[in-house]
Amino acid sequence: MSETAKIALVTGASRGLGAAIAHRLAKDGFLVLINFVSNEDQARELQNAIQQAGGKVELCGFDVSKSDQVDEKFDWIAKTFGPVAVLVNNAGITIDSLLMRMKDADLDKTLDVDLKGAIFCTRAATKQMMRARQGSVIQISSVVGESGNAGQSAYAAAKAGLIGFSKSVAKELASRQIRVNVVTPGFIETDMTGALTEVQKEAILRSIPLGFLGAPEDVAELVAFLASPVSRYITGQVIGVNGGMYM
Ligand SMILES: NC(=O)c1ccc[n+]([C@@H]2O[C@H](COP(=O)([O-])OP(=O)(O)OC[C@H]3O[C@@H](n4cnc5c(N)ncnc54)[C@H](OP(=O)(O)O)[C@@H]3O)[C@@H](O)[C@H]2O)c1
């Protein structure tokens, strides 16, 4: 490991968007910490692929929705590798249901992972960033948090909550040169959208002006930009990667 490599932690990086973001940040020279909660095998495969491409990468499994695990892991990261310079809060789940059928446990789980998980990680990472007087936090929200979507009200509440949280924290931390921005992907081809039926996919395609589903790399490029000092004057922003489906 290079002594000078900056640390970037990507939550939920064992697959999907997180894996593409991990690859992209490793290409930019970060030591990337790959977080996952259960898929250690897939995380290891990604670790091997990034290493083969010449990148620096370590595994860092924990459940983002458990604040004690989050605090413990961030302490371990600081002691083992140094302070986190870039945090990408990408871990997320969706448990779809109409409001009338929503179960308390599903609502709790969605808010715990998608909203509170990102808050726990942001709190732990920005403690380290404050001491370093620099940092970039990138939240992976969703177009659904901006536009709403029938059958996804819990997920939309979590993803919209992330926007208000991030703008507040961006204001709190700007004087320490810590930037906090939100990326709102539209429909991107991953396991999460793999569950859609062909009929659902066709309906979605009709709502996307550019006429195709995005790739994880489309999101990863924007994250790499927000992680780099090239974006030093951008904070508190919500930026869509959605083929024009929400403007
Ligand atoms: N795909 C889309 O079209 C789309 C659109 C808008 C927004 N997003 C957002 O983008 C993010 C990534 O989506 P994706 O499609 O790549 O999802 P995905 O393929 O389902 O992957 C989800 C990732 O989150 C991890 N994860 C889940 N619960 C966790 C927890 N409690 N602690 C730590 N990690 C956890 C999973 O780890 P394991 O593998 O260990 O389970 C996995 O790495 C999510 O926040 C999602 O809401 C996606």
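How each quantity is defined
Residues numbered from 1 in each chain as written. Predicted model: local features only at pLDDT ≥ 70, side-chain atom pairs only at ≥ 80, totals over all residues. Heavy atoms only, no water. Helix = DSSP H or I, 4+ residues; strand = E, 2+ residues; numbered from the N terminus. Rg over C-alpha atoms; globule rule 2.2 N^0.38 Å. Buried < 20%, exposed > 50% of the residue type's maximum accessible area, 1.4 Å probe, protein only. Contact = heavy atoms within 4.5 Å. Areas by Shrake-Rupley, 256 points an atom, 1.4 Å probe, with all protein chains shown as cover. Lys, Arg positive; Asp, Glu negative; His and termini not counted. Charge placed at Lys NZ, Arg CZ, Asp CG, Glu CD. Axes fitted to C-alpha atoms, helices over the stretch in contact; angles between N-to-C directions. Parallel < 35°, antiparallel > 145°, perpendicular 65-115°, else oblique. Left-handed = near helix turned anticlockwise from the far one by under 90°. Nonpolar A, V, L, I, M, F, W, Y, C, P; charged D, E, K, R; others polar. Polar contact = N/O pair within 3.5 Å; in protein donor to acceptor, adjacent residues only side chain to side chain. Near = heavy atom within 4 Å. Core = buried A, V, L, I, M, F, W, Y, C linked by side-chain atoms within 4.5 Å. Pairing = 2+ DSSP bridges.

Novice: Even after reading the chapter, I still don't get the overall build of the protein chain, so can you show me in this structure?
Specialist: Within the protein chain, the secondary structure is distributed over 9 helices and 7 strands. Since a compact globule built from 247 residues should have a radius of gyration of about 18 Å, the 17 Å found for the protein chain is in line with a globular shape. The principal-axis extent of the C-alpha atoms belonging to the protein chain is close to 50 × 40 × 35 Å. Within the protein chain, the fraction of its 247 residues that count as buried is 49%. Sequence-distant contacts, at least 24 apart, represent 73% of the contacts inside the protein chain between residues at least 6 apart. Of the roughly 12100 Å² of accessible surface on the protein chain, 52% is carried by carbon and sulfur atoms. In the protein chain, 25 side chains carry a positive charge and 26 a negative one; their mean positions are 8 Å apart.

Novice: Explain the packing of helix α4 (residues 104-132) against helix α6 (residues 153-173) here, please?
Specialist: Packed helices, taken two at a time, are described by their axes: the angle between them and the distance between them. Following both chains from N to C, one finds α4 and α6 inclined at 15 degrees, their axes separated by 9 Å at the closest point. Classed by the angle they form, the pair α4 and α6 counts as roughly parallel. Crossing hand, α4 versus α6: right-handed. Across the interface between the two elements, Leu107, Thr110, Leu111, Asp114, Leu115, Ala118, Ile119, Thr122, Thr126 and Met130 from α4 touch Ala154, Tyr155, Ala158, Lys159, Gly161, Leu162, Phe165, Val169 and Leu173 from α6. The residue makeup of the contact of α4 with α6, split by class, is 13 nonpolar, 4 polar and 2 charged.

Novice: What is the right way to read the environment of lysine 73 from this model?
Specialist: Within the secondary structure, lysine 73 sits in helix α3 (residues 67-80). Spatially, the C-alpha atoms of lysine 73 and phenylalanine 62 are 7.4 Å apart, while their sequence positions differ by 11 residues. Sequence-distant contacts of lysine 73, defined by excluding residues within four places in its chain, comprise Cys60, Gly61 and Phe62.

Novice: When you look at the side chain of serine 141 in this model, what are you seeing that I'm missing?
Specialist: Here serine 141 shows up in the loop between β5 (135-140) and α5 (143-147). In terms of polar contacts, serine 141 uses its side chain to reach the backbone carbonyl oxygen of lysine 159, at 2.9 Å. Once residues within four sequence positions are removed from consideration, serine 141 is found in contact with Lys159, Leu162, Ile163, Val182, Val183, Thr184 and Pro185.

Novice: Quick question: what am I supposed to make of the site of the ligand here?
Specialist: The local shell around the ligand holds 32 residues, among which Ser14, Arg15, Ser38, Tyr155 and Thr190 are the closest. In this structure, serine 38 approaches the ligand through a main-chain N or O atom, which is 2.7 Å from an oxygen atom. A distance of 2.6 Å is found between an oxygen atom of the ligand and a side-chain nitrogen or oxygen belonging to tyrosine 155. Among the elements that take part in the shell around the ligand, helix α7 (residues 191-194) stands out by supplying 3 residues, more than any other. Residue classes in the shell around the ligand are distributed as 15 nonpolar, 13 polar and 4 charged.

Novice: For this particular structure, what's the right way to read the nonpolar core?
Specialist: As a rule of thumb, nonpolar side chains are buried together in soluble globular proteins. The biggest cluster of nonpolar side chains holds 34 residues, and the ones touching the most others in it are Ile21 and Leu25. Those elements that provide at least two residues to this core are β1 (7-10), α1 (16-27), β2 (31-34), α2 (40-52), β3 (56-59), β4 (84-89), β5 and α9 (216-227). Contact partners of leucine 25, with chain neighbours within four places excluded, come to Ala8, Val10, Phe30, Val32, Val88, Ala224 and Ala227. Counting 32 residues, the second-largest nonpolar core is a separate cluster that includes Phe62, Phe81, Val113 and Ile178.

Novice: Is there a simple way to think about the sheet that holds β2 in this case?
Specialist: Through backbone hydrogen bonds, the strands of a sheet pair up, either in parallel or in antiparallel fashion. On the basis of which strands lie adjacent, the open sheet formed by 7 strands has the order β3-β2-β1-β4-β5-β6-β7 and parallel pairing. The sheet is open, and its two edges are formed by β3 and β7 (238-241), each paired on a single side. Strand after strand, the sheet turns through a mean of 20 degrees between neighbouring axes, direction not considered. Of the strand pairs in this sheet, β5 and strand β6 (residues 178-185) are connected by 6 bridges, and their pairing is parallel. Bridge pairing links glutamine 139 to valine 182 in β6. Those strands touched by α2 are β2 and β3, and its axis lies near 165 degrees from that of β3.

Novice: Help me out: how do you make sense of the packing of α1 against α2 in this one?
Specialist: Axis separation between α1 and α2 bottoms out at 10 Å; the angle between their running directions is 25 degrees. For the element pair α1 / α2, the angle class is roughly parallel. Regarding α1 and α2, the two cross each other, and that crossing is right-handed. Seen from α1, the contacting residues are Ala19, Ala22, His23 and Ala26; seen from α2, they are Leu46, Ala49 and Ile50. Considered class by class, the residues forming the contact of α1 with α2 number 6 nonpolar, 1 polar and no charged.

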